[in-house]
Amino acid sequence: MSTTHSTLARRLDTKDAIVIGLGSMIGAGVFSAFAPAAKAAGAGLLIGLAIAAFIAFCNATASAQLAATYPTSGGTYVYGREQLGPWYGFTAGWGFVIGKIASCAAMALTFASYAVPGPWWVQRLVAIVAVLALAGLNLRGVTRTALLTRILVFCSLVALAVLVLGIAFSGGADPSHLGSAGGWWSGGLYGILQSAGLLFFAFAGYARIATMGEEVKDPSRVIPKAIAVALAITVSIYLIVGVSVLLGAGPDQLAASTAPLAEAVRAAGVDTLVPVVALGGAFASLGALLALITGIGRTGLAMARNRDLPKWLDAVHPRYGVPHHAEIALAVVISVLVLTGDLRGVIGFSSFGVLVYYAIANASAYTQPAEQRRWPRWLNILGVAGCLILVVTLPLTSVLAGLAMFAVGFALRAFVLWRRRSHPPTGQEEGLARSDGSAS
């Protein structure tokens, strides 16, 4: 028996999709990722940035090609299932959901740290208020999400422009901070690759466009264009900002800071711009958090449709056309993490899950037939290799936490499949079991 699901409405045009991608990438990552990258590679973080950008390009082309073929919610969770099999899809979906939930908590805490200089408990309460407010906005419909994302992206871009121009005309920018070409390799190849893995955290937002494929108008045309444009804009901005903060503070000072962009402004002697940078960090964190909640909710919906997550999450609001059960559950889980979690180490942990996610995206795109291809297969090969190399060069604690996360997910799914085989479904449930592969 066939199974039907509630579907999401196609309300997003090309501009909306580009803005959502920008809101995901030009988020708190640009305000925080340069510090651990500088610690890993010094001025060589610029090489790491170029490597991360190239791997992101490989991943973006794979995601765009797949999204044009499968214009539905779920992103690589769906692509992996369709092209490689249910376990690959689950691996991608689990890595995305768990890693990005942690990122949501980090974005909320980053917003609070910029917006509220008070004690830690006040910051955590403010972070929870931000999570609940943005989740509530998401529940009112995706067009409202796109509108607020435009506002937040604009504010973030203004803050970054002020930072770049302020450092450039401050008189405190020091070209020696960039170091010599040889100095860029002071952290060695391992350090540069680790910085690339950490900076990749800030590029990963283009997946949000693909995960919302069910809500995009003319997805086969809009999604590839939106992903390419959003990534190109983001790479250009990150390169300019990366050079600027190195000129302002230098790699050692950046590495020691928890707010590297604000530190660069202070070091350049333009302290009056610190509030602008802080405001930009707050807006960027909100933008990233909003886009993350949107994307995770859609992936959760797709996984619930195949019973890889609880069936209760497979629900679309009849009026607002959003996965309201998934987003309510997400808001609760993020709030708990905000209360109990630690901001440190989240970037590496999130990068681990997302890099695995994109390795599967590239492998899925590699298997597509010629009539579905838009880019050559060698890009997919480089994408898989790049993702796996960056995964193993992440900080050891991030690698161990990531492996533990996937072990838990695999064990849970294996248990669920065993239970299904022990208690065969009947009627409508049988069709779901076949679609998952557990009844074969």
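The rules we used
- For every chain, the first residue of its written sequence is number 1, and the numbers climb from 1 along that sequence.
- Owing to the predicted nature of the model, reporting of local features is limited to residues with pLDDT of at least 70; listing and counting of side-chain atom pairs is limited to 80 or more, with chain, interface and lining totals taken over all residues.
- Excluding hydrogens and water, the side-chain values take into account all heavy atoms of the structure.
- Only DSSP runs of H or I covering at least 4 residues are called helices, and only runs of E covering at least 2 are called strands; the numbering of each starts at the N terminus.
- Between buried and exposed lies partly exposed: a residue is buried under 20% and exposed over 50% of the maximum accessible area for its type, with that area taken using a 1.4 Å probe on protein chains only.
- Every residue pair with non-hydrogen atoms within 4.5 Å of one another is taken to be in contact.
- Residue-level accessible areas treat just the shown protein chains as cover; the underlying method is Shrake-Rupley with a 1.4 Å probe.
- Throughout this description, the term nonpolar core refers to a set of buried Ala, Val, Leu, Ile, Met, Phe, Trp, Tyr and Cys residues connected via side-chain atoms within 4.5 Å.
- The quantity called pLDDT is the predictor's confidence in a given residue, expressed from 0 to 100.
- Helix span, expected: 1.5 Å multiplied by one less than the number of residues in the helix.
- Centres within 6.5 Å are what make two rings of Phe, Tyr or Trp a pair, Trp counting through its six-membered ring; a difference in plane orientation under 30 degrees is then read as stacked, over 60 as edge-to-face, and the rest as tilted.
- The criterion is that NZ of a Lys, or CZ of an Arg, lies within 6 Å of the ring centre and within 35 degrees of the ring normal, and then a charge sits over that ring.

Quick notes on the overall build of the chain
- A count of helical and extended segments in the chain gives 18 helices and zero strands.
- Here the chain, with 440 residues, has 60% of them falling under the buried criterion.
- Partitioning the intrachain contacts of the chain with sequence separation of at least 6 by distance along the chain shows that 82% fall at a separation of at least 24.
- Total accessible area on the chain stands at roughly 16800 Å², and carbon and sulfur atoms take up 68% of it.

Re the nonpolar core
- Counting residues in each nonpolar core, the largest one holds 130 residues, and the members touching the most others are V241 and L261.
- Here this core takes 16 residues from helix α6 (residues 86-115), the largest share from any one element.
- Those residues in contact with L261 that lie beyond four places of it in its chain are V30, F31, F34, L160, L163, V241, V245 and V277.

Notes on the confidence of the model for the chain
- Overall, the prediction assigns the chain a mean pLDDT of 81, with 86% of residues at 70 or greater.
- Per-element confidence in the chain ranges from a low mean pLDDT of 46 for helix α18 (residues 428-436) to a high of 95 for helix α16 (residues 377-392).
- Note on residues 428-440: pLDDT under 50 across the span, and 27 contacts to partners over four residues away in sequence or across chains.

Digging into the environment of A62
- Mapped onto the secondary structure, A62 falls in helix α4 (residues 45-69).
- For A62, a relative accessible area of 1% puts it in the buried group.
- Residues A62 and S364 lie 302 residues apart in sequence; the distance between their C-alpha atoms is 8.0 Å.
- Filtering out sequence-adjacent residues up to four positions away, A62 remains in contact with A361, N362, A365 and N380.

Re helix α15 (residues 346-366)
- Spanning 21 residues, α15 covers 30 Å between terminal C-alpha atoms, matching the ideal 30 Å at 1.5 Å per step.
- The buried count for α15 comes to 19 of 21 residues, which makes it a mostly enclosed element.

As for the packing of aromatic side chains
- All chains considered together, the criterion is met by ten aromatic pairs.
- On the numbers, 6.0 Å between centres and 70 degrees between planes, the contact of W87 with F410 is edge-to-face. Of this pair, W87 sits in helix α6 while F410 sits in helix α17 (residues 396-422); the two residues are 323 residues apart in sequence, bridging distant segments of the chain.
- Accessibility expressed as a relative area gives 37% for W87, which makes it partly exposed.
- Judged by centre distance (6.0 Å) and plane angle (50 degrees), the rings of F352 and F406 are tilted. With F352 in helix α15 and F406 in helix α17, this pair connects stretches of sequence that are 54 residues apart.
- By relative accessible area, F352 is classed as buried at 4%.
- Here the guanidinium or amino end of R377 rests over the ring plane of Y366, the centre of that ring lying 5.4 Å away.

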